[in-house]
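Report on the structure
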Amino acid sequence: MPLTALATAVVTVPLTAALTWWWTRPPAPAASPSSDRTAPAAASAPLARVIPAPALGRSPAPWATGADRVAAADLDGDGVSEIALVGASLRVVRADGAAVGEFPAAGGIYVLEGIGASIFAGWGRTKAVPDGRASFTRYGFDGAKLTSEVVVEPKTERAQTVAATRAGSDLLLAWFRDKYTVTAQRASRSPAGWSLAPWTEARTAPTWLVADVDGDGADDLVYGRTYGDAPGSDGDAWLVRSDGSRVAIPTTRGVRAGCLADTDGDGRPEVVLADGWDRDYGHKARAELRVVTWREGAVASEVIDQPAGDNDVSRVIAADVDGDGRDEILAVTNTRLRVVERDGDGWVAWDAARGVADAAVVADGGRLAILVVSAEPVILAVGGQ
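Computed from a predicted model, the values in this text were never measured in an experiment. (Residues numbered from 1 in each chain as written. Predicted model: local features only at pLDDT ≥ 70, side-chain atom pairs only at ≥ 80, totals over all residues. Heavy atoms only, no water.)

1. Side note on the overall build of the protein chain
Counting its secondary structure elements, the protein chain contains 4 helices and 29 strands. Expressed as a percentage of the 385 residues in the protein chain, the buried residues total 53%. Summed over all atoms, the accessible surface of the protein chain reaches about 15,900 Å², with 51% contributed by carbon and sulfur. (Helix = DSSP H or I, 4+ residues; strand = E, 2+ residues; numbered from the N terminus. Buried < 20%, exposed > 50% of the residue type's maximum accessible area, 1.4 Å probe, protein only. Areas by Shrake-Rupley, 256 points an atom, 1.4 Å probe, with all protein chains shown as cover.)

2. Comments concerning the packing of aromatic side chains
All told, the structure shown has 5 aromatic pairs when counted by the stated rule. The positively charged end of arginine 246 is found above the aromatic ring belonging to tryptophan 238, 4.0 Å away from the centroid. Directly above the aromatic system of tryptophan 277 lies the positively charged group of arginine 256, at a separation of 5.3 Å from the ring centroid. (Phe/Tyr/Trp six-rings, centres within 6.5 Å; stacked < 30°, edge-to-face > 60°. Lys NZ or Arg CZ within 6 Å of the ring centre and 35° of its normal.)

3. What about the pairing of strand β6 (residues 99-104)?
Two elements, strand β5 (residues 89-93) and β6, share 5 bridges in a ladder whose sense is antiparallel. Within β6, the residue paired with serine 89 across the bridge is proline 104. Counting the residues that bridge the hairpin from β5 to β6 gives 5 residues, and of these glycine 97 lies at a positive phi of roughly 95 degrees. (Pairing = 2+ DSSP bridges.)

4. Topic: the side chain of threonine 263
When you line up the elements, threonine 263 lands in the loop between β19 (257-261) and β20 (270-275). Those residues in contact with threonine 263 that sit more than four places away from it in its chain are Glu270, Arg326, Asp327, Ile329, Arg342 and Trp347. (Contact = heavy atoms within 4.5 Å.)

5. Quick look at the nonpolar core
With 19 residues, the main nonpolar core has Leu330, Leu337, Val361, Ile370, Val372 and Leu380 as its most contacted residues. Of all the secondary structure elements, the ones that give two or more residues to this core are β23 (313-319), β24 (328-333), β25 (336-343), β26 (346-354), β27 (356-364), β28 (367-374) and β29 (378-382). Sequence-distant contacts of leucine 330, defined by excluding residues within four places in its chain, comprise Arg315, Val316, Ile317, Leu337, Arg338, Val339, Val361 and Ile370. (Core = buried A, V, L, I, M, F, W, Y, C linked by side-chain atoms within 4.5 Å.)

6. Looking at the environment of lysine 145
By the secondary structure assignment, lysine 145 is in strand β10 (residues 145-152). For lysine 145, a relative accessible area of 58% translates into the label exposed.

7. As for the sheet that holds strand β21 (residues 288-295)
As summarised here, the arrangement of the 4 strands in space is β19-β20-β21-β22, forming an open sheet in which the pairing is antiparallel. The open sheet has two free edges, formed respectively by β19 and β22 (298-305), since each of these has just one partner strand. With strand direction ignored, the average angle separating the axes of adjacent strands in the sheet is 25 degrees. Pairing of β19 with β20, which is carried by 5 bridges, proceeds in the antiparallel orientation. Within the sheet, the bridge partner assigned to glycine 258 lies in β20 and is leucine 273. (Axes fitted to C-alpha atoms, helices over the stretch in contact; angles between N-to-C directions.)

8. What to know about the environment of glycine 114
Position of glycine 114 relative to the elements: it lies in strand β7 (residues 108-115). Setting aside anything within four residues of it in sequence, one finds glycine 114 in contact with Ala71, Ala72, Ala73 and Ile119.

9. Observations concerning the sheet that holds β7
Judged by pairing direction, the sheet is antiparallel, and its 4 strands sit side by side in the order β7-β8-β9-β10 without closing on themselves. The two strands at the open ends of the sheet, each matched to only one other strand, are β7 and β10. Neighbouring strand axes in the sheet, compared pairwise and without regard to direction, differ in orientation by 25 degrees on average. Here strand β8 (residues 118-124) pairs with strand β9 (residues 135-142) via 5 bridges, running antiparallel. Paired with tryptophan 123 across the two strands is serine 135, which belongs to β9.

10. Re the side chain of aspartate 170
The residue aspartate 170 is located in strand β12 (residues 170-176) in this model. By relative accessible area, which is 18% here, aspartate 170 ends up buried. Setting aside anything within four residues of it in sequence, one finds aspartate 170 in contact with Thr165, Arg186, Ala187 and Ser188.

Right, here's the structure in full:
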């Protein structure tokens, strides 16, 4: 079903049924005791913002159930996303669930990202796949055929990949080269194949982003760490400017995920970090989302949401899902999918789904919807489109 028909389906969902899907967020907690300049997001009425939608033709339950990770990209350039789902294997389906192709899992899944007209998977050794090896694989179309190609199979003491992100016309790929050290490398593709060049290294850093944060016209590097330099110390985040200087980004504890988001519609992305990680997960870890910008010659870091009761944010995605010219931030926590957006000079947030394993933004004919992977997969539409 094209998403022109989605709009009709969305507005006809009975409110009584929608109320059984959505539940109101508790009052926002107090601001983090740091140098943050704004208060965490206030609650927003969930029914007015996000409603279940029978988008993309049908319920995703038949084809998305059992997936642990999901990502989407328009692999064939027709304006409609293809969707990669990883469970026991990596399956690619079209937006209506029709199968495109399937590949054996090359290990335990750590990274799954849609970038341009490709999907990149980072594999490694996990408890479920103890013999897995570290590798990055690209999935895309060669003519009408879905293909896969190995980008790199690093030889490493710790077989764990951590990040794949856009870096201009190239990629930044990161993996553990030993027990604690993460190496980030620039990956470039030419007709001759892939080439990699060392970029930098950081201890226990799962989060890597590339953007012109300071506005000087050259890309900077942002990385976030789950632990600091001393064993067991709190994690942190750093901005490495294009001139090589490093600037500390204020954080509360460890940083586990991040993304780039143009939340104010000015055409320049801000950095969004998932903060609050701690190895004492059940007691000290408290999920936070913060936005990092450059103001008056210095880095500014603001808490924008503290979802009550959550310990962790494993994935952060940005997209203008409601079509207002400003990106919403989608955060997959240990209990739910959280949506956060600007509201004047502040922020509002709401809960979109519970028990979420992963989420992806799916395009269909110029409109966007959110595919939620969970025990009962669902596709969501955000009000305003």
